[in-house]
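# Observations on the model geometry
If you want the building blocks of each chain, they are given just below.
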Amino acid sequence: GAGVSQSPSNKVTEKGKDVELRCDPISGHTALYWYRQSLGQGLEFLIYFQGNSAPDKSGLPSDRFSAERTGGSVSTLTIQRTQQEDSAVYLCASRYTGEETQYFGPGTRLLVL
Amino acid sequence: AQSVTQLGSHVSVSEGALVLLRCNYSSSVPPYLFWYVQYPNQGLQLLLKYTTGATLVKGINGFEAEFKKSETSFHLTKPSAHMSDAAEYFCAVHNSGGYNKLIFGAGTRLAVHP
């Protein structure tokens, strides 16, 4: 079946603009994760959604970052007032309840000029 | 708190040579351990994982890893490197039962030369 998909694959924006990144998890996967991959910080956890439970937002670096998951499926990561240090690859992963493996999407490469 | 250390940010081997990528972890609870591979401009693909049971786990593309609790290690090996193995490899841990975030190592870039 289809894997995790993310859009856009690349995004170039100007400093101060807002951006939205989308993730479509594998159908039936109840858990969804966002990670950020940057040169200086490696792979970092951002946020985790599990079913209807309150999300674990402990990895969000600032209040400019937010995410939602509508209908238990698609998720959107929003970065407000982007800064140059937000430039990174944003990876989404999903997992089926009862399994340990997270399946990753191809990522969105964000460049803030 | 959990953490992962990957020794060697870059490893270079000859085609046909043994591949050994090192991973050590820190965890106060029984760990679940993973190796992921990332090819250029792609997402992460699971190579193999250890949860419980047999400590030697086999994965895709001829890779295997052994969980050694006494050494807190989970090194990745492949007997004979292929040019197509050139990629970045990440070791990761999350606490058993928590199904929460993965904690990643810094990654090891593997180069394979003829």
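A few points on the structure. (Residues numbered from 1 in each chain as written. Chains lettered and ligands numbered in written order. Predicted model: local features only at pLDDT ≥ 70, side-chain atom pairs only at ≥ 80, totals over all residues. Heavy atoms only, no water.)

## Describing the packing of aromatic side chains
Residues and elements named next belong to chain B. Within the structure shown, the criterion is met by 13 aromatic pairs over all chains. Taking 5.5 Å as the distance between ring centres and 45° as the angle between the ring planes, the aromatic pair formed by F63 and Y89 counts as tilted. Placement of F63 in the loop between β6 (56–58) and β7 (64–68) and of Y89 in strand β9 (residues 87–95) is noted, with a sequence separation of 26 residues between them. Like Y89, F63 is buried. (Phe/Tyr/Trp six-rings, centres within 6.5 Å; stacked < 30°, edge-to-face > 60°. Helix = DSSP H or I, 4+ residues; strand = E, 2+ residues; numbered from the N terminus. Buried < 20%, exposed > 50% of the residue type's maximum accessible area, 1.4 Å probe, protein only.)

## Focus on the pattern of salt bridges
Residues and elements named next belong to chain A. The full count for this structure, using the stated rule, is seven salt bridges over all chains. Of the charged contacts in the structure, one is a salt bridge between E44 and R36, with a shortest N-O distance of 3.2 Å. Of the residues examined, R36 reaches a relative accessible area of 9% and is grouped as buried. (Salt bridge = Lys/Arg side-chain N within 4 Å of Asp/Glu carboxyl O.)

## Looking at the sheet that holds β6(B)
All names here are of chain B. With respect to topology, five strands assemble into an open sheet ordered β1-β3-β8-β7-β6, the strand pairing being antiparallel. The sheet terminates laterally at β1 (3–7) and β6, the two strands that pair on one side only. When the angles between neighbouring strand axes are averaged without regard to direction, this sheet yields 20°. Of the pairings in the sheet, the one linking strand β3 (residues 19–26) to strand β8 (residues 73–78) comprises four bridges and is antiparallel in character. Note that in β8 the partner of V19 across the bridge is K78. (Pairing = 2+ DSSP bridges. Axes fitted to C-alpha atoms, helices over the stretch in contact; angles between N-to-C directions.)

## What about the nonpolar core?
Inside soluble globular proteins, nonpolar side chains tend to come together where they are buried. All names here are of chain B. Counting residues in each nonpolar core, the largest one holds 27 residues, and the members touching the most others are W35, L47, L48, F74, L76 and Y89. Among the elements of the structure, β2 (10–14), β3, β4 (31–38), β5 (44–50), β7, β8, β9 and β11 (108–113) are those that each provide at least two residues to this core. Beyond its immediate sequence surroundings of up to four residues, L48 is in contact with L33, F34, W35, V57, K58, G59, F63, E64, A65, F74 and L76. (Core = buried A, V, L, I, M, F, W, Y, C linked by side-chain atoms within 4.5 Å. Contact = heavy atoms within 4.5 Å.)

## Looking at the sheet that holds strand β3 (residues 19–24) of chain A
All names here are of chain A. Judged by pairing direction, the sheet is antiparallel, and its four strands sit side by side in the order β1-β3-β7-β6 without closing on themselves. Both edges of this open sheet fall to β1 (5–7) and β6 (65–69), since each of them pairs with a single strand only. Across the sheet, the mean angle separating the axes of adjacent strands is 15° when strand polarity is ignored. Bridge analysis of β6 against strand β7 (residues 75–79) gives five bridges, and the strand direction is antiparallel. In the sheet register, R69 faces β7, and the bridge partner there is S75.

## As for the interface of chain A and chain B
Taken together, the contact between chain A and chain B spans 19 residues of the former and 18 residues of the latter. Taken together, both faces of the contact between chain A and chain B bury some 1,600 Å²; the carbon and sulfur share is 54%. Of all residues in chain A, L43(A), E100(A) and F104(A) bury the most surface against chain B, accounting for 38% of the area lost on that side. Joining chain A to chain B, the criterion identifies one salt bridge. K49(B) serves as the salt-bridge partner of E100(A), at 3.3 Å between the closest nitrogen and oxygen. Seen at the junction of chain A and chain B, the total is six residue pairs in polar contact (both at pLDDT 80 or more). The set of elements that each furnish at least two residues to the side of chain A that touches chain B consists of β4 (31–38), β5 (42–50) and β8 (88–95) of chain A. Here the residues of the side of chain A that touches chain B are counted per class, giving eight nonpolar, six polar and five charged. (Buried area = accessible area lost by both parts, 1.4 Å probe. Polar contact = N/O pair within 3.5 Å; in protein donor to acceptor, adjacent residues only side chain to side chain. Nonpolar A, V, L, I, M, F, W, Y, C, P; charged D, E, K, R; others polar.)

Geometry only, nothing functional implied.
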